[in-house]
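Chain and residue survey
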Amino acid sequence: MFKSLIFSFIFLFSNLLAQGNFELLDISINNSTKQITSYKSGEMHFVSVREFSKLLNKNYFFNSDTKKAEIKFEKFNLIITAWNQFIIINSRSSDLQKVFQLPISPKLIDNDIYFPFSYSAKYFEMASDYTIEINQNENKIEITSNSISNQAENQKSKTSPNLTKEEYDIQSIEIEEKSNGTLIKLKTNSTIKNIRHSLLEEKLILFLQNKIRVNPKITEVKPEGLVKEVKLKKVSGNYQVEFELHEGFTSYDVFTDEETGEIIVSIQNDKFNATTNEFGSQKKEFKLDVIVIDPGHGGKDAGAIGVTSVREKDVNLAIAKKLKWLIKENLPEIDVVLTRENDTFIELYKRGKIANEANGDLFISIHCNSTPKKPSNASGFEVYLLRPGKTEDAIAIAEFENSVINMENHPEQYEELTEENFILVTMAQAANMRFSEKISEILTSRWKSEQPTASRGIKQAGLLVLVGASMPAILIETGFLSNYNDEKYLNSQIGQQKIAQTILNSIIEYKKYYNELNK
């Protein structure tokens, strides 16, 4: 097994490129020390893909149109895309493909991609026959060559044999056990939508229509996690794929990945079931008794810094306190909990824990937006839901808000949520999503009619602060501190009060909707 290579570092969030600088980084490869260009932002080293490929003596290809770089190793190719959090590893001998998500995106600088080395090193290990060790104290990187990549071999053993793409619509199947469930991927030759499915006792069945051709060897896949056995049956000319399940599953979902065409099946285990079941039993009557307000950032984490040095953490706390007071005055029957009452650093996972322990019915995380270049014309309000983000803006937001983990004592605890099992987390929150969407819709509508700044709408992103909250949860970006007008409004008592009032008005309308469900 490859070693865990995540180490703790502090990342300066605002003005990402402006605050970075180039330096030469020492890398020891097979006991020979060489230097490579590194773009350093805060304590994070972003390493040139081009130079790193040359250092390893591997073929390298860069597509300037798609901003993708591909490094060719003996058994696998590794693909990195600028401003995209996903790293792809492709087998050179089969259809095997693995996709992994980084907490922060690689950068494009002077037509070269610079990748965050500490987060990416393990994926280079998986794709190659190298072992990579990072010595934080001496600021050194050591690379040694191995005979074979054990991680890559382990991944291959979990994947069924493949035939040619032309023979089957469903080519192969891959099953992976995650900490919070099991993820199944059916590799397809074309996009297959509207998959019918059913759960009968401990058997999950996918019903395939329109004479979809299925590789019969998918049943040879090695079972993992909650999957006991895979069977393939043909009924009335159409195939159905059956998954025999072990005990311990709580829910499942089936959908088609629009980008890859893969059929994704997520089966949740009971890791998060205590909070989910507790929420379900308590909320059957849809009572809105407790609202948790989360002022983003705090303490050593200042958040975004405005064009005149206004600190995001201060604006967030000021709005949160005003909102708490308004709720108490206008909705005295509702208890209000703040995740922080002062300038204190609260770890992301603890924010959700505070909300769950308070038996919260609604979680609102308050933030301010910013752009790397300041000042900027970007302006307005956004509200975010917990789903993997696909747009560049959504990825940037998630990157910024999630990077606070690097200030925590144990950032590695989030590592498992940066890969595909993040899908499992978001699926486990599906029961709350319609309420999250409802409060978002109300808030967006009221912002348009009550606020002087624009509403940029409802968006989705993989925000870690929302992961742990077992209740409807949203994150609000109240405006851009990188914009002079927004910053002035956000930093004023009048602006903060008006923002708090709009959020309160939205909560009152949402409460009416919530209460209607009891009738």
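Attention in this report is confined to the structure presented alongside it.

Here is what the cut-offs are and how they apply
Residues numbered from 1 in each chain as written. Predicted model: local features only at pLDDT ≥ 70, side-chain atom pairs only at ≥ 80, totals over all residues. Heavy atoms only, no water. Helix = DSSP H or I, 4+ residues; strand = E, 2+ residues; numbered from the N terminus. Buried < 20%, exposed > 50% of the residue type's maximum accessible area, 1.4 Å probe, protein only. Phe/Tyr/Trp six-rings, centres within 6.5 Å; stacked < 30°, edge-to-face > 60°. Lys NZ or Arg CZ within 6 Å of the ring centre and 35° of its normal. Salt bridge = Lys/Arg side-chain N within 4 Å of Asp/Glu carboxyl O.

The residue after K374, namely P375, is reached through a cis peptide bond having omega -5 degrees. Within the secondary structure, P375 sits in the loop between β23 (362–369) and β24 (381–386). Its identity as a non-glycine residue notwithstanding, D110 has a phi of 50 degrees, on the positive side. Relative to the helices and strands, D110 is located in the loop between β9 (107–109) and β10 (112–116). Look at D110 and you get exposed, because its relative accessible area is 71%. The phi angle at N359 is positive, at roughly 55 degrees, despite the residue not being glycine.

This part takes up the packing of aromatic side chains. Summed over the entire model, instances satisfying the criterion amount to 12 aromatic pairs. Ring centres of F73 and F124 lie 6.4 Å apart, and the angle between their planes is 85 degrees; this geometry places the pair in the edge-to-face category. Placement of F73 in the loop between β5 (68–72) and β6 (76–81) and of F124 in helix α3 (residues 117–127) is noted, with a sequence separation of 51 residues between them. Of the residues examined, F73 reaches a relative accessible area of 1% and is grouped as buried. Ring pairs connect the aromatic residues F52, F73, F115, F117 and F124, which therefore count as one cluster. Sitting above the plane of the F207 ring, R196 keeps its charged end 4.8 Å from the centroid. For the cation-ring pair, K438 lies above Y513, with the distance from its terminal atom to the ring centre recorded as 4.9 Å.

So, about the environment of I366. Tracing the backbone shows I366 in strand β23. Expressed as a C-alpha distance, the spacing of I366 and T478, which sit 112 residues apart in the sequence, is 7.3 Å.

This model, assessed by the stated rule, comprises 18 salt bridges. As a salt-bridge pair, E224 and K222 come within 3.8 Å of each other at their nearest N and O atoms. On the basis of relative accessible area, E224 is assigned to the buried category, the value being 11%. With a relative accessible area of 42%, K222 lands in the partly exposed category. Three or more residues are tied together by salt bridges with common partners; here these are K203, K231, K233, E242 and E244.

By themselves these figures say nothing about function.
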